[in-house]
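Spelled out, the chains give:
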Amino acid sequence: MDYTMFCFQCQETAGCSGCTKVGVCGKKPDVAAMQDLLVFVTKGLSAVTTALRNEGKKIAAEVNHLITKNLFITITNANFDKEAIIEAVCQILVVKKELLSQLSDAAVLPSAAHWDAERTQFEAKAKEVGVLSTENEDIRSLRELVTYGLKGLSAYSKHANALLHDSEEVDAFLQRALAATLDDSLGADELTALALETGKYGVEGMALLDKANTETYGNPEITKVKLGVGTNPGILVSGHDLHDLKMLLEQTQGTGVDVYTHSEMLPAHYYPAFKQYPNFVGNYGNAWWKQKEEFESFRGPILMTTNCIVPPKDSYRDRMYTTGAAGYPGCKHISGEAGEHKDFSELIEHAKRCASPIELEQGEIIGGFAHAQVLALADKIVEAVKSKAIRKFVVMAGCDGRAKSREYYTEFAKALPQDTVILTAGCAKYKYNKLDLGTIGGIPRVLDAGQCNDSYSLAVIALKLKEVFGLDDINDLPIIYNIAWYEQKAVIVLLALLYLGVKNIHLGPTLPAFLSPNVAKVLVENFGIAGIGTVEDDIALFFGEDRA
Ligand code: SF4
Ligand code: SF3
């Protein structure tokens, strides 16, 4: 196929500019092409649904779910299965055709809304609709900033949808904003405003998921999670979908198969509802990028409920299963949409034939500091701030990744003065959550709120502290933001923080390649966004001469 891929949506992008031959993540050009096409037709469908809403018509929940799932499929490391992506494109075309016929005036819609074709024409079309099809680099940058934010938002929406929580406002915005990225009449100012509005709905989407999670599973509470292994065979669950984990736990009761969390699934242990399962043993391994070694030594089936998938080694490929938006060619996919039962019996039977996991480490880690738990400790925390036992909070949320430069975060955590507390969420925590950083008056120096979407908790905590201290500006709090990003969920978290008025966020290990110099300048000038330096320089920058 004569197609040059171009993808620069994640932090790992080749040469900090764009993957053009094959993704650093392992995404091949033919898969990249179909992902580009899937984004294009999903935007086209969104233009149709937005026009229908403007005519006062209601959009079915299944259509909203289809849009969020398809965007989620294109998130970094979620789905490498070309056939599954082609199927998703076909499905969109069918739904789009039907909805177009309901529209009174379809003439004004962009060409993506009208595009229809046979599968044989997909490759040719994919060549025309990638990121580089927008020629102006600033417009391209802003369109992609919005699109990536919406990809993150779609992931969080999908998890809420799985728990039967929907928000018409979030879906309507997501689709309106997707459609707006097709609109050639929108200039840089309008698109910049749209990016900030995306942040507003990022807050709403994360609040929706927080409500869905806490109403379903209870409020996260301080929890010690075991790192060792038992003697039973196990299933390892990775990704972010708590509902998948719940269904698996129910189905494994009494089977002699244990269940372990991996990477972003670790925070499931913090919820009361998951503690009732005697076979929910602990967490195995680290952040996503170490999975090649860790999945091999786990020896049992692995369920990838979302990103981040690393192309598997042959040694465990047949043990890797996917579900939801995740997919990998040759790995069995377990089907089931929102509200449907998923049948994990094949994984459970598979596990019974496997040896128990090889132990990687022993001990335990502590977490569960989401908003309700932290607010329950508010008096203690406020007292510690007033007495100066805690000088500063450092938000180190976000993603982990394989780049060596990310060792910065381990060293930064170690170098922080003893009177600082790290607030974290997302898989970024694996860079320092197993260090012994001690406590301040009984409060651990690393407070883990949960998954990347639980960055929402950190915002709730900040807003509460602002209220308690009687401050007018969230930026007057003793909080430093030093965030690590990797994929597009971190983009929606960033946009959400900007919407909440948080300034001077440090973003690393590199600034996004999709920010053109002009767009980066706007972020620097208006929001004080900055990169990272050396650990020593950054500690000096944040704490001046006043270092412990
Ligand atoms: Fe490259 Fe990241 Fe895109 Fe993968 S997702 S192709 S690593 S920019
Ligand atoms: Fe991690 Fe992929 Fe982003 Fe949910 S699992 S934070 S990188």
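Quick notes on the rules
Each residue is numbered by its place in its chain's sequence as written, counting from 1. Here chains are named by letter from A upward and ligands by number from 1 upward, in the order in which they appear as written. Two thresholds apply to this predicted model, a pLDDT of at least 70 for residue-level local features and 80 or more for giving and counting side-chain atom pairs, whereas whole-chain, interface and lining totals are computed over all residues. Only hydrogens and water are set aside; all other atoms, that is, all heavy atoms of the structure, feed into the side-chain values. Residues are labelled near a given molecule or strand when at least one of their non-hydrogen atoms is within 4 Å of it. Residue polarity is assigned by list, with Asp, Glu, Lys and Arg as charged and Ala, Val, Leu, Ile, Met, Phe, Trp, Tyr, Cys and Pro as nonpolar; anything else, Gly included, falls into the polar class. The cut-offs for exposure are 20% and 50% of the maximum accessible area for each residue type, with area from a 1.4 Å probe on protein chains only; residues under the lower value are buried, those over the upper are exposed, and the others partly exposed. Here a helix means four or more residues in a row that DSSP labels H or I, a strand means two or more in a row labelled E, and each is numbered from the N terminus. Here the rule is simple: two strands pair whenever DSSP picks up at least two bridges between them. For crossovers, right-handed means that the path from the first strand over the helix to the second runs clockwise, given strands pointing away from the viewer. Lines fitted to the C-alpha atoms define the axes, with helices restricted to the stretch that makes contact. Angles between their N-to-C directions range from 0 to 180 degrees. An angle counts as roughly parallel when it lies under 35 degrees, as roughly antiparallel when it exceeds 145, as roughly perpendicular when it falls between 65 and 115, and as oblique in every other case. Here a crossing is called left-handed whenever its near helix is offset anticlockwise from the far helix by less than a right angle, and right-handed whenever the offset is clockwise. Throughout, a residue-residue contact means that at least one pair of heavy atoms, one from each residue, lies within 4.5 Å. Here, a salt bridge means any side-chain nitrogen of Lys or Arg that lies within 4 Å of a carboxyl oxygen of Asp or Glu. Think of the arc as the fan of directions from the helix axis to the C-beta atoms.

Student: Describe the site of ligand 1, listing the residues and the values that go with them.
Tutor: Lining the immediate surroundings of ligand 1 are Met-5, Cys-7, Phe-8, Gln-9, Cys-10, Thr-13, Cys-19, Gly-23, Val-24, Cys-25, Lys-27 and Thr-76. Each residue belonging to the shell around ligand 1 can be placed in one class, and the counts come to seven nonpolar, four polar and one charged.

Student: Can you lay out the site of ligand 2 for me, pointing to particular residues and giving the numbers?
Tutor: Around ligand 2 sit His-240, Glu-264, Trp-288, Asn-307, Cys-308, Gly-398, Cys-399, Cys-427, Cys-452, Tyr-486 and Glu-487, and those are all the residues in its vicinity. Class assignment for the residues of the shell around ligand 2 results in six nonpolar, three polar and two charged.

Student: Just give me the short version of the pairing of strand S3 (residues 258-261), but keep the residues and values in it.
Tutor: Here S3 shows a buried face lined by Asp-258 and Tyr-260 and a second buried face lined by Val-259 and Thr-261. Judged from the four bridges that link them, strand S2 (residues 234-238) and S3 form a sheet pairing that is parallel. In the sheet register, Ile-235 faces S3, and the bridge partner there is Val-259. With respect to chirality, the unit in which S2 leads through helix H9 (residues 242-252) into the neighbouring parallel S3 is right-handed. Where S3 and strand S4 (residues 280-283) come together, three bridges link them in parallel fashion. Each bridged residue has a counterpart across the sheet, and for Tyr-260 the counterpart in S4 is Gly-282.

Student: Got a sec to walk through the packing of helix H15 (residues 407-415) against helix H19 (residues 535-543)? Specific residues and values, please.
Tutor: One can describe the packing of H15 onto H19 by two numbers: an axis separation of 10 Å at closest approach and a directional angle of 45 degrees. Judged by the angle between their axes, H15 and H19 are oblique. Relative to H19, the crossing made by H15 is right-handed. Across the interface between the two elements, Tyr-408, Glu-411, Phe-412 and Ala-415 from H15 touch Val-535, Asp-538, Ile-539 and Phe-542 from H19. Class assignment for the residues of the contact of H15 with H19 results in six nonpolar, no polar and two charged.

Student: Summarise the sheet that holds S4; cite the residues concerned and give the values.
Tutor: The strands that make up a sheet are held in pairs by hydrogen bonds between backbone atoms, and each pair lies either parallel or antiparallel. In spatial order, the strands read S4-S3-S2-S5-S6-S7; together these six strands make up an open sheet with parallel pairing. Every interior strand has two partners, whereas the edge strands, S4 and strand S7 (332-334), have only one. On average, each strand axis in the sheet is tilted by 30 degrees relative to the strand beside it, whichever way the strands run. Its contacts with the sheet place helix H10 (residues 291-298) against S2, S3, strand S5 (302-304) and strand S6 (320-323), and it is angled at close to 155 degrees to S2.

Student: Mind laying out the pattern of salt bridges, listing which residues take part and the relevant values?
Tutor: Under the counting rule described, the total for this entry stands at 28 salt bridges. Note that Arg-176 and Glu-197 form a salt bridge whose closest N and O atoms lie 2.9 Å from each other. Taken together, the residues span a long stretch of sequence, with Arg-176 in helix H7 (residues 168-180) and Glu-197 in helix H8 (residues 188-217) at a distance of 21 residues. Residue classification places Arg-176 among the partly exposed positions, given a relative accessible area of 36%. For Glu-197, a relative accessible area of 25% translates into the label partly exposed. Among the salt bridges present, the one from Lys-434 reaches Glu-361, with a minimum N-O distance of 2.9 Å. Linking Lys-434 in the loop between strand S10 (420-424) and strand S11 (439-440) with Glu-361 in the loop between helix H12 (345-352) and strand S8 (364-367), this pair joins segments that are 73 residues apart in sequence.

Student: If you had to explain the environment of Ser-297 to someone new, which residues and values would you point to?
Tutor: You can see Ser-297 is positioned in helix H10. Residue class for Ser-297 comes out buried when judged on its relative accessible area of 12%. For the pair Ser-297 and Pro-357, spaced 60 residues apart in sequence, the C-alpha separation works out to 6.3 Å.

Student: Kindly report on helix H14 (residues 378-386), identifying the contributing residues and their values.
Tutor: Since one α-helical turn is 3.6 residues long, residues separated by three or four positions face the same way. Turning to H14, its buried residues are Ala-378, Ile-381, Val-382, Ala-384 and Val-385. Down the axis of H14, the smallest arc covering the buried residues is 160 degrees, so these residues share one side. Away from its buried face by more than 90 degrees, H14 exposes Asp-379 and Lys-386. If you follow the buried residues of H14, they end up packed against helix H13 (371-376), strand S9 (392-395), strand S12 (443-444) and helix H16 (455-468). Trailing H14 by a residue or two, Lys-388 shows a phi angle of about 70 degrees, which is positive.

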